[in-house]
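Fold and contact review
Residues per chain are reported as follows:
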Amino acid sequence: MDPDYSAQDVARCDLCKTAIAQSYCDFCHCNLCKPCIGEHISDDYKKHIIVPIHQRKSTLIYPKCQAHQNEDCKYQCKDCSISICSDCIASKHHNKEHEFVKLEEVFNTKKAHIQSDTKELENQILPAYEEIANELEMQIASLDGEYKKLTTEMSKQREEMHREVDNAMEQMEKEIDEIKVKHQSILQNHLDEIKQLQSLMQQTILVLNVLEESNEVSKTIHFSSKNEEFSKLPPKVIASMPKFIPKQIEREELYSLIGKLTPLSTTLEQRVFTTSVRELLDEPEVLNTIKTGHKNLRSVTCLNEEQIWTSGETADIKCYNILGVLKKTIQTKSGKFPNDIAVESDGALLYSDWETRTVNKVKNDQTEEMITLQGLKPKNLCVTSSGDLLVTMYSDDETQSKVVRYSGSTLTQNIQFDDEGQPLYSGKYTMKYISENRNLDICVADSGARAIVVVNQAGKLRFRYTGHPSPTKNKPFTPYGITTDSQSRILTADHYNHCIHILDTDGQFLRYIDNCDLENPLGLYVDSYDNLIVCEYKKENVKKIKYSK
């Protein structure tokens, strides 16, 4: 149903403003009722295009030709990427050797892309964001409850520690009472001894008083003095009071006794967006062919239909649009051909140079060395969904190969050996094209090992694919280019069998693309519409192939 016209919102005539419109002028873009049609076309009936209202906007509005003002431009020059009219083609005004395409075809292709984008945005991408937003809102709403649980757990620990402190204090108070009893007993025993001696001395004094008054000779002369014995004073009992020495409370030590509160930890987890299922076509078709003129075409990558970068075995890196119009050419700094090329999300071009052992970035026509290696030479490149760069490289003695991940210019990961310590990749100086899948697997086409080697994001081996038996494919499986699509399917170029293998995400063979007159396919790339872009090594062509619905 036309979203601009429904039973709930009946279209009214733009002239009388009251009657229901049954017709539409595709030239003037206005709604018309039957009585108002005559009035509308009275000025120049030839230019007006009256159609039923349900067919409105069905007539294309072509741009006017700058050279022939009364003519509409219904063609586009593939070489110049400009709109032209039929008179331009017939006259000498435009180069007759150029190739032309109908603007209607370009329009319909773009319309199909727009409809596909709209459908994907409305039915898949926007709902995915809504789900993310709902999940975040639920997390925010649950924060109070979760943090309440945290403080409740701490309150329990506080009560438990208070109980333990009270118990410890009570035990110490009992110890004080026991010490007090012992202290009192010691002093009391000593006091009893002193009082006993005092009593003896009182008795002695009484005896001495009697003897002083007595005239008895015998008692007096036999008296023995005890003063010397009494003058030896008893030892002084010194009992020091016990003291309470409070332990200095260190805050950190107290925290360690209470427990530990872990800090808030946040990480970014890569989300993997899964599009709707796009089934494979029984008969893939070639949509377009670009003649690059490269010598031995090796690599292709693209940011959009206006920037398709290609490179071969010359120092030229060329940029075309989808119509095959050359937009720009860049020369490598060393003058040697690049091993591989890749494009960052902001449009910056990357290329690896085995001669200078560098990975270079070209942005705003300025080239800078991004990575410089020692004892290793860079091979093939892949920009990941997170913006990292994956580089395949080999040692100078050609005995070791590995995959290295960079974040900017910082090395963050080495992938070289499996769990048994065996090399994942062949050490030979051979092409090792690389691609990241939607599930973040790292896929390498190891032509030296004649195998596709797939590891997960952590670098653990998932599987190897060594080809699919076929009576029509009589050359050894030798994979070169590799790429992945929105369905996490893996596509690889079987160079000598002149075909493309399509695998599922677990390495199971699905089918070949072998009906598109491919010759020695090498570099591959899948664009945002799941169209396959293929380099033909010797024919020096780039082919755009539709292989899924």
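See above for the structure.
Reading the values: the criteria
Residues numbered from 1 in each chain as written. Predicted model: local features only at pLDDT ≥ 70, side-chain atom pairs only at ≥ 80, totals over all residues. Heavy atoms only, no water. Helix = DSSP H or I, 4+ residues; strand = E, 2+ residues; numbered from the N terminus. Rg over C-alpha atoms; globule rule 2.2 N^0.38 Å. Buried < 20%, exposed > 50% of the residue type's maximum accessible area, 1.4 Å probe, protein only. Core = buried A, V, L, I, M, F, W, Y, C linked by side-chain atoms within 4.5 Å. Contact = heavy atoms within 4.5 Å. Patch = residues over 30% accessible without salt bridge, like charges linked within 9 Å, V, L, I, M, F, W, Y side chains within 5 Å. Areas by Shrake-Rupley, 256 points an atom, 1.4 Å probe, with all protein chains shown as cover. Salt bridge = Lys/Arg side-chain N within 4 Å of Asp/Glu carboxyl O. Polar contact = N/O pair within 3.5 Å; in protein donor to acceptor, adjacent residues only side chain to side chain. Pairing = 2+ DSSP bridges. Axes fitted to C-alpha atoms, helices over the stretch in contact; angles between N-to-C directions. Lys, Arg positive; Asp, Glu negative; His and termini not counted. Charge placed at Lys NZ, Arg CZ, Asp CG, Glu CD.

1. Side note on the overall build of the chain
Each helix and strand counted, the chain has six helices and 30 strands in total. In summary, the chain has a C-alpha radius of gyration of 47 Å against a globular reference of 24 Å for 549 residues, an excess of more than 25%. For the chain, the C-alpha atoms occupy an extent of roughly 180 × 80 × 45 Å along the three principal directions. In the chain, which comprises 549 residues, the share counted as buried stands at 37%.

2. As for the nonpolar core
Ranked by internal contacts, the top residues of the largest apolar core, which has 15 residues, are Tyr433, Ile452, Val454, Ile482 and Ile490. Broken down by secondary-structure element, the contributors of at least two residues to this core are strand S21 (442–446), strand S22 (451–455), strand S23 (461–465) and strand S24 (479–484). Among all residues touching Tyr433, those that are not within four sequence positions of it are Arg298, Ser299, Asp340, Asn380, Cys443, Val444, Ala445, Tyr480, Gly481, Ile482, Leu522 and Gly523. The next biggest cluster of nonpolar side chains, apart from the first, holds 14 residues, and it includes Ala493, Ile513, Cys516 and Leu524.

3. Digging into a nonpolar patch on the surface
On the surface, a cluster of nonpolar side chains totalling about 750 Å² of accessible area is made up of Ile140, Leu143, Tyr147, Leu150, Met154, Leu261 and Leu264. By the secondary structure assignment, Leu143 is in helix H3 (residues 103–213). Judged by its relative accessible area of 42%, Leu143 is partly exposed.

4. So, the environment of Ser386
Tracing the sequence through the fold places Ser386 in the loop between strand S16 (376–383) and strand S17 (389–395). Through-space distance from the C-alpha of Ser386 to that of Leu143 is 29 Å; in sequence the pair is 243 residues apart. Engagement of the side chain of Ser386 in a polar contact is seen with the side chain of Thr384, the distance being 3.1 Å.

5. Some remarks on the sheet that holds strand S14 (residues 358–363)
Here we have four strands laid out as an open sheet, ordered S12-S13-S14-S15, and antiparallel in their pairing. In this open sheet, the two strands that pair with only one neighbour each are strand S12 (340–343) and strand S15 (366–372). Strand-to-strand twist across the sheet, computed as the mean angle between neighbouring axes with direction ignored, equals 25°.

6. Focus: helix H6 (residues 251–258)
Counting buried positions along H6 gives zero out of eight residues, so the element sits mostly on the surface. The first or second residue beyond H6 is Gly259, which carries a positive phi of 145°.

7. Structural notes on a negative patch on the surface
A cluster of acidic residues, Asp166, Glu170, Glu173, Glu175, Asp177 and Glu178, forms a negative patch at the surface. With relative accessibility at 40%, the residue Glu175 sits in the partly exposed group.

8. Things to note about the environment of Ile452
Positionally, Ile452 belongs in strand S22. The class for Ile452 is buried, based on a relative accessible area of 0%. Sequence spacing of Ile452 and Ile434 is 18 residues, and the spatial spacing of their C-alpha atoms is 9.7 Å. Look past the residues within four positions of Ile452 in its chain and what remains in contact with it is Val444, Ala445, Phe463, Arg464, Tyr465, Phe477, Pro479, Ile482 and Thr492.

9. Some thoughts on the pairing of S14
Burial within S14 is extensive, with five of its six residues counted as buried. For strand S13 (residues 349–353) and S14, the ladder comprises five bridges, and the chain directions are antiparallel. What sits directly across from Leu349, in S14, is Val362. Once S13 ends, the chain turns through four residues before running back antiparallel as S14, passing Arg357 with a positive phi of about 55°. Pairing between S14 and S15: six bridges, direction antiparallel. Its bridge partner lying in S15, Lys363 is registered against Gln366. Where S14 hands over to S15, the hairpin turn is made up of two residues, of which Asn364 adopts a positive phi near 55°.

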